[in-house]
Amino acid sequence: MNDNQHIPSGYKPSPLGIIPEDWEVKRLGEIARIGSGGTPSKANQEYWGGNIPWITTALLNNPYIDAADEFITEQGLKNSSAQLLNSGVLLMAMYGQGQTRGKVSKLLINASTNQACAFIDIHTGNTDYVHQYLIADYDSIRNKSNDGNQKNLSLGIINDIRITFPPLPEQLRIVSLLSLWDTAIAKQTALIEQLTLRKRGLMQQLLTGKKRLKGFGGEWKRIKLGDVAERITRKNEEDNQNVVTISAQRGFVVQTDFFNKSVASEILDNYYLVYKDEFCYNKSYSNGYPMGAIKRLKTFDKAVVTTLYICFKLKEKPQTNMDFLEQYCESGLLNKELVKVANEGGRAHGLLNVTPDDFFNMHMSVPSFEEQTAIASVLVNVDKEIEIQKQKLTAMQTQKKGLMQVLLTGKRRINQ
């Protein structure tokens, strides 16, 4: 705690640092009713498929929830520990994979939840103020998790979360300002989604020949991937390489950053070395669904991947536009061919049993090199626009985060 001589006039020390004199520090349990939900028996079909929304932690990655993926019946509600919650109640993920634990959402509908969601029904103060505070305090909340193999939050921990608590009029002024940023961020997010949908539509038209660019005609050739690409099996013989996995959403992900893993030099022979502009195919499974991600290495000059991946590069002849091939992979057109191969002969484990021969025998339709280049140029330009808008979104989110840090601590006051 700071010495009094460092406390500005009009401020006071508190368990959460120096705050304005007219502010308080409150435990969530003092200002809200807190509990958790439940799951009706999956064995009883009469409990499921009703009209009561049932929320799981997967939906808490969004700050607001206005729809559910699953529904239960009145019977399911009565015969379980699930509770019907009113619109406006806050939900916090007590556990969940990845970054889910500690996420907070506000219900915009009446709904029930499973036992992994804690509900926070505010009765003192402004719900939106508490919502904003808990979003800003996400990292601290995650650090309060119980120790163990899987770190979880408990109702006791959530009850004990402390927040700065200004007088209600100031809470409302803070919420009003932060809501302006939320509105701008929501509009920017919608713009990115709109551009992404436009890109997908363009890919499906341009990469299949359904729509031709001006000045191009003639039939496309039906070829095999192996006609234009060759497999890479070069073994890694160097230490201190970027060890990566491939995610359909993130692309190449450095393991030491995301998985806290390192690769010992004595097992580096189990990895392939790939260079910039070479491609890798990940045929692993994620949550039971085949990822089938085919990505081009662009972030690093070189990296290593497990030998379970299929890696390849373009041949010099016939000439193929690298950006065109990357867009073709991103479109999912090759993945459709992979699924056909995986389903042949009732193969067990589907894509996991796709061999390199299967992979390079996949068919694709391609135009002339000149038309490939023109198509790639259109799609790459859309990618650049999407990236610009994503950078703007990141800047907005960063600016809002900075504003939250000064508003929710009282370092910056909002005059009436």
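Residues numbered from 1 in each chain as written. Predicted model: local features only at pLDDT ≥ 70, side-chain atom pairs only at ≥ 80, totals over all residues. Heavy atoms only, no water.

**Q** Any chance you could explain the nonpolar core here in plain terms?
**A** One recurring pattern in soluble globular proteins is that nonpolar side chains are buried together. Ranked by internal contacts, the top residues of the largest apolar core, which has 39 residues, are Leu-225 and Phe-359. Those residues in contact with Leu-225, other than ones at most four positions away along the chain, are Leu-325, Phe-359, Phe-360, Met-362 and Met-364. Residues Leu-90, Ile-163, Ile-174 and Leu-178 belong to the second largest nonpolar core, which totals 32 residues. (Core = buried A, V, L, I, M, F, W, Y, C linked by side-chain atoms within 4.5 Å. Buried < 20%, exposed > 50% of the residue type's maximum accessible area, 1.4 Å probe, protein only. Contact = heavy atoms within 4.5 Å.)

**Q** What exactly am I supposed to notice about the sheet that holds strand β21 (residues 293-296) here?
**A** Strand pairs in the sheet, formed through backbone hydrogen bonds, run parallel or antiparallel to each other. Spatially, 4 strands are ordered β14-β23-β18-β21 in an open sheet, and the strand pairing comes out antiparallel. Every interior strand has two partners, whereas the edge strands, β14 (229-232) and β21, have only one. Sheet twist, expressed as the mean angle between neighbouring strand axes with direction ignored, is 30 degrees. Note: β14 against strand β23 (residues 310-314), 4 bridges, orientation antiparallel. Residue Ala-229 lies in a different strand from β23, and its bridge partner there is Leu-314. Against the sheet, helix α9 (residues 322-331) touches β18 (279-282), β21 and β23, its axis set at about 155 degrees to β21. (Pairing = 2+ DSSP bridges. Helix = DSSP H or I, 4+ residues; strand = E, 2+ residues; numbered from the N terminus. Axes fitted to C-alpha atoms, helices over the stretch in contact; angles between N-to-C directions.)

**Q** Please explain the confidence of the model for the chain as it appears in this structure.
**A** Close inspection of predicted coordinates is inappropriate for parts of the model with low pLDDT. Residues at a pLDDT of 70 or more form 87% of the chain, whose mean pLDDT is 88. The least confident element of the chain is strand β20 (residues 289-290), whose mean pLDDT is 42; the most confident is helix α1 (residues 28-31), at 98. For the stretch residues 257-266, pLDDT sits under 50, and the model shows 12 contacts to residues farther than four places along the chain or on other chains. Across residues 285-290, confidence stays below pLDDT 50; counting only partners more than four residues off in sequence or on other chains, it has 11 contacts. (pLDDT = per-residue confidence, 0-100.)

**Q** Honestly, the packing of helix α6 (residues 168-206) against α9 in this entry has me stumped. Any pointers?
**A** Packed helices, taken two at a time, are described by the angle their axes make and the gap between the axes. Between α6 and α9, the shortest axis-to-axis distance is 10 Å and the interhelical angle comes to 110 degrees. Classified by the angle between their axes, α6 and α9 sit roughly perpendicular to one another. Every residue of α9 that contacts α6 at Lys-199, Met-203 and Gln-204 is listed here: Gln-327, Glu-330 and Ser-331. When grouped by side-chain class, the residues that make up the contact of α6 with α9 number 1 nonpolar, 3 polar and 2 charged. (Parallel < 35°, antiparallel > 145°, perpendicular 65-115°, else oblique. Nonpolar A, V, L, I, M, F, W, Y, C, P; charged D, E, K, R; others polar.)

**Q** Explanation requested: the sheet that holds strand β8 (residues 90-93) in the structure shown.
**A** Read from one edge to the other, the open sheet built from 5 strands follows the order β4-β11-β8-β9-β6, with strand pairing classed as mixed. Only two strands of the sheet have a single neighbouring strand rather than two, namely β4 (32-36) and β6 (64-65). As defined by bridge partners, β8 adjoins strand β9 (residues 104-107) across 3 bridges and the pair is classed as antiparallel. Looking across to β9, one finds that Leu-90 is bridged to Lys-106. Set on the sheet, helix α3 (residues 127-136) makes contact with β6, β8, β9 and β11 (117-122); between it and β9 the angle comes to about 160 degrees.

**Q** Explanation requested: the pattern of salt bridges in the structure shown.
**A** For side chains of opposite charge, pairing can occur when their charged atoms come near one another. Following the criterion strictly, the structure yields 17 salt bridges and no others. Arg-413 is paired through a salt bridge with Glu-170; the nearest N and O atoms lie 2.7 Å apart. With Arg-413 in the segment after α12 (369-407) and Glu-170 in helix α6, the pair connects residues that are 243 residues apart, well separated along the chain. Residue Arg-413 is classed as partly exposed on the basis of its relative accessible area, which comes to 33%. Here Lys-400 ties to Asp-182 by a salt bridge, and the two come within 2.7 Å at their closest N and O atoms. In this pair, Lys-400 is assigned in helix α12 and Asp-182 in helix α6, connecting sequence segments 218 residues apart. A relative accessible area of 8% means that Lys-400 is categorised as buried. Residue Asp-182 is classed as buried on the basis of its relative accessible area, which comes to 19%. Put simply, Asp-277, Arg-296, Lys-298, Asp-323 and Glu-326 are held in one network by salt bridges that share partners. (Salt bridge = Lys/Arg side-chain N within 4 Å of Asp/Glu carboxyl O.)

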